[in-house]
Amino acid sequence: MCGIVGYIGSEQAAPILLEGLKMLEYRGYDSAGVSVHDGCRLNVIKAKGRLQALSDMIDGGKAVCGACGIGHTRWATHGKPSDENSHPQVSNSGNIAVVHNGIIENYLQLKDFLSSRGVKFHSETDTEVVAQLVDYYYEGDLLKAVHKAIDRIEGSYALGIMAADQPDKIVGVRKDSPLIVACSENGNFLASDVTAVLKHTRDVIYLDDGNYAVLSLKGVEIYDSFLRPIDKKISHVDWDISSAEKGGYEHFMFKEIMEQPEVIRKTIAPRIRNKKIVLDEINLSSDFIKSLSKIYIVACGSSYHVGMVAKYNIEKLTRKPVEVALASEFRYCSPIVDNKTLVVCISQSGTTADTIAALREAKRLGGRVLSIVNVVGSTIAKESDDVIYTWAGPEIAVATTKAYSTQLAVTYLLGIYLADCLGTIDKDEYERFLNEIMTIPDKVESILKGKGHIQYLASLYFNNQDIFFIGRNIDYALSLEGSLKLKEISYIHSEAYAAGELKHGTISLVEDGTLVIAVATYQKLLEKTISNIVEVKARDAQVLSLTTESGKPLVGQVSDNMIVIPDIDELFLPSLAVVPLQLFAYYVALMRGCDIDKPRNLAKSVTVE
Ligand code: G6P
């Protein structure tokens with residue numbers, strides 16, 4: 001969603017702000033703006049649309065003088081994308097400029113309060129009240145004015161704030177929305193995400209909720225919520241900028257699909273030592289595991305789809321009930337959680353607002369929270385009792401691929417680990433699972449080598465209006481992800497159905513030429529799925545099947561086209577089967593000329609409810 005960059009130093013600020021915002025484009029946005037102090041006044045330039053439009057207006061930043069500024073990419077919540085609603089938002093007097101990620105929940109009350117004191121508002125945003133409120137309290141000390149304003153503000157925020165009469169100062173503050181600061185030789189930075197500063201430094205400080213930062217030419221000072229100075233640990237980001245660049249690929253999504261063998265290996269291999277799964281980053285006692293009455297998996301989007309696969313697998317392995325919930329539903333459905341419940345939160349970004357809220361609710365109810373997270377030090381990672389990181393590296397394309405695959409890998413490790421502790425699998429099975437899991441990276445690699453065939457299939461079907469996915473058991477969980485991937489980036493209407501459920505309604509939409517993608521990898525239910533394929537064939541559907549080497553002879557008899565993946569133990573099939581579905585979505589979107597890495601209306605990290 002929205003992105004923040006701030007800079008003060010010896011260089012011209014505007015080009016640095018634009019460059020930082022470019023690195024944040026992947027988060028999804030619909031307008032952008034900068035505010036730069038030229039020594040006399042604050043210049044504010046904003047534009048609806050892509051960052052390029054803003055960059056063109058200011059000649060790549062060259063047209064704006066000054067070495068201190070803040071910039072923002074906005075994903076509209078309060079008020080449609082427009083120049084007026086873009087950030088920075090500026091107070092009436094023109095003295096205060098604000099960039100903001102998050103939502104000010106009591107903005108209407110604050111607006112009433114300020115309006116009754118004669119303040120005029122110019123935008124539909126919640127952010128404008130922050131600029132007006134800080135100005136209302138401003139008496140020459142920016143930090144104190146921000147502190148007073150924050151006292152009255154409810155909601156989530158990462159804020160960057162400047163004052164026209166303080167040409168060399170930026171104040172930052174955060175609650176429930178990420179914000180970092182960083183120092184380099186040529187200046188000091190504020191940003192919502194490390195990728196924005198990686199070109200300048202890899203040493204960053206992650207601010208915590210309630211922290212304030214004051215950036216000046218001298219450096220960065222950090223204060224707690226009572227404005228007492230504090231020291232914070234400097235963290236070194238050990239992935240370099242090339243991980244966040246396209247490296248010769250046309251799209252981040254394609255690059256990230258191709259990186260999957262490597263990141264799956266990185267996620268699994270260090271955790272298997274001497275033929276044992278070693279999860280030394282977590283601290284679940286064997287007594288706790290044995291006493292578990294239930295496992296809850298909570299997540300959003302593709303992470304939720306990982307949870308769907310994990311439910312089938314972990315229940316099968318551990319014989320403990322596993323419930324999967326959408327994070328946005330979990331907190332409002334009176335979940336049954338107690339101190340015998342393990343709540344597994346899955347999140348790539350670690351900042352998804354609904355998943356954070358669900359995590360807090362789970363803890364409030366006494367559950368133990370274990371998270372599977374990609375972004376180190378993110379809110380979800382910090383607030384969980386235990387964290388298992390997915391080593392996917394930075395994922396830039398909005399549509400997740402490699403993070404999904406590494407999340408799956410962690411759920412396998414976790415399921416087998418729990419089952420071993422519970423004694424629900426024997427030694428032979430345990431060994432066989434470990435041997436099989438290690439084959440995933442090479443098998444994914446071999447599937448990627450066959451991408452030409454998937455590109456050909458995409459060329460047959462990219463003009464379809466509707467595409468249905470069907471599957472049973474883990475193939476159903478996978479169908480959900482295949483369908484989501486396709487609709488996210490190609491804008492083709494698509495639905496995923498449990499194959500046996502199709503005839504209870506959705507089959508009425510199947511007609512001559514409708515494409516049905518049948519995911520039929522799960523050997524135990526192959527014949528059942530084949531019956532469902534035959535049902536749609538009888539209604540003249542086109543069937544593209546995804547099956548294994550073992551399933552090929554049967555599935556081939558009822559399909560118009562087929563994608564075949566290598567055999568593997570059924571637990572791990574989703575790791576192989578998802579790859580052709582990702583490639584299919586990618587090639588279809590490519591042929592339709594879509595903006596693959598930045599699909600319309602979507603955001604990489606959804607930081608609002
Ligand atoms: C957004 C992204 C999805 C992601 C979902 C959950 O919708 O576009 O790719 O699956 O958020 O995000 P998380 O970071 O919590 O995994």
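About the criteria used
Residues numbered from 1 in each chain as written. Predicted model: local features only at pLDDT ≥ 70, side-chain atom pairs only at ≥ 80, totals over all residues. Heavy atoms only, no water. Helix = DSSP H or I, 4+ residues; strand = E, 2+ residues; numbered from the N terminus. Buried < 20%, exposed > 50% of the residue type's maximum accessible area, 1.4 Å probe, protein only. Pairing = 2+ DSSP bridges. Contact = heavy atoms within 4.5 Å. Axes fitted to C-alpha atoms, helices over the stretch in contact; angles between N-to-C directions. Near = heavy atom within 4 Å. Polar contact = N/O pair within 3.5 Å; in protein donor to acceptor, adjacent residues only side chain to side chain. Areas by Shrake-Rupley, 256 points an atom, 1.4 Å probe, with all protein chains shown as cover. Nonpolar A, V, L, I, M, F, W, Y, C, P; charged D, E, K, R; others polar. Expected span 1.5 Å × (residues − 1).

### Points about unusual backbone geometry
Across the junction of His 87 and Pro 88, the peptide omega takes the value 0 degrees, indicating a cis bond. One can find Pro 88 in the loop between β4 (68-74) and β5 (89-90). Phi is positive for Tyr 491, which is not a glycine, with a value near 65 degrees. Relative to the elements of secondary structure, Tyr 491 occurs in the loop between α17 (474-490) and β23 (493-498). For Tyr 491, a relative accessible area of 27% gives the class partly exposed. The residue Asp 540 is not glycine, and still its phi comes out positive at about 65 degrees. Within the secondary structure layout, Asp 540 lies in the loop between α18 (526-537) and β25 (542-548). Judged by relative accessible area, Asp 540 falls into the partly exposed class, the value being 47%.

### Quick notes on the sheet that holds strand β2 (residues 31-37)
Either a parallel or an antiparallel arrangement is found when strands of a sheet pair, and the pairing is made through backbone hydrogen bonds. The 8 strands lie next to each other as β3-β2-β4-β1-β10-β9-β11-β14, forming an open sheet whose pairing is antiparallel. Each edge of the open sheet is held by one strand with a lone partner, namely β3 (42-48) and β14 (235-236). Relative to β3, β2 runs antiparallel, the two being bridged by 7 bridges. Bridge pairing in β3 places Val 36 opposite Asn 43. Along the sheet, helix α1 (residues 13-24) makes contact with β1 (3-9), β2, β4 and β10 (187-191), crossing β1 at roughly 150 degrees.

### Notes on the site of the ligand
Surrounding the ligand, one finds 13 residues, the nearest of these being Ser 303, Ser 347, Gln 348, Ser 349 and Thr 352. At 3.0 Å from an oxygen atom of the ligand is found a main-chain nitrogen or oxygen belonging to Ala 603. Here the ligand has 390 Å² of accessible area as a free molecule, and 91% of this is covered by the chains. Counting residues per element, the shell around the ligand draws most heavily on helix α9 (residues 301-318), which supplies 3 residues. Residue composition of the shell around the ligand, grouped by class: 4 nonpolar, 8 polar and 1 charged.

### Quick word on helix α13 (residues 402-422)
For α13, built from 21 residues, the straight-helix expectation of 30 Å at 1.5 Å per residue is met to within 8% by its first-to-last C-alpha distance of 30 Å. Counting buried residues along α13, 17 of its 21 residues qualify, which places the element largely inside the surrounding structure. At the C-terminal side of α13, Gly 423 shows a positive phi close to 75 degrees.

### A short note on α1
End to end, α1 covers 17 Å across 12 residues, agreeing with the expected 16 Å (1.5 Å per residue, within 8%). For α1, the buried fraction is high: 9 of the 12 residues fall into the buried class. For α1, the full list of buried residues reads Ala 13, Ala 14, Ile 16, Leu 17, Leu 18, Gly 20, Leu 21, Met 23 and Leu 24. Taken together, the buried residues of α1 touch β1, β2, α2 (51-57), β4 and β10.

### Describing the environment of Thr 341
Tracing the sequence through the fold places Thr 341 in strand β19 (residues 341-347). Taking the C-alpha atoms as reference points, Thr 341 and Arg 368, separated by 27 residues in sequence, lie 6.4 Å from one another. Apart from the residues lying within four places of it in its own chain, the contact partners of Thr 341 are Phe 288, Leu 292, Ser 293, Lys 294, Tyr 296, Ile 336, Gly 367 and Arg 368. Only 2.9 Å separates the side chain of Thr 341 from the backbone nitrogen of Asp 338, close enough to count as a polar contact.

### Examining the environment of Ala 498
Tracing the sequence through the fold places Ala 498 in strand β23. Under the relative-accessibility criterion, Ala 498 is labelled partly exposed at 26%. Taking the C-alpha atoms as reference, Ala 498 lies 5.4 Å from Gly 471; in sequence the two are 27 residues apart. Once you skip the residues sitting within four places of it in the chain, Ala 498 turns out to touch Gly 471 and Tyr 476.

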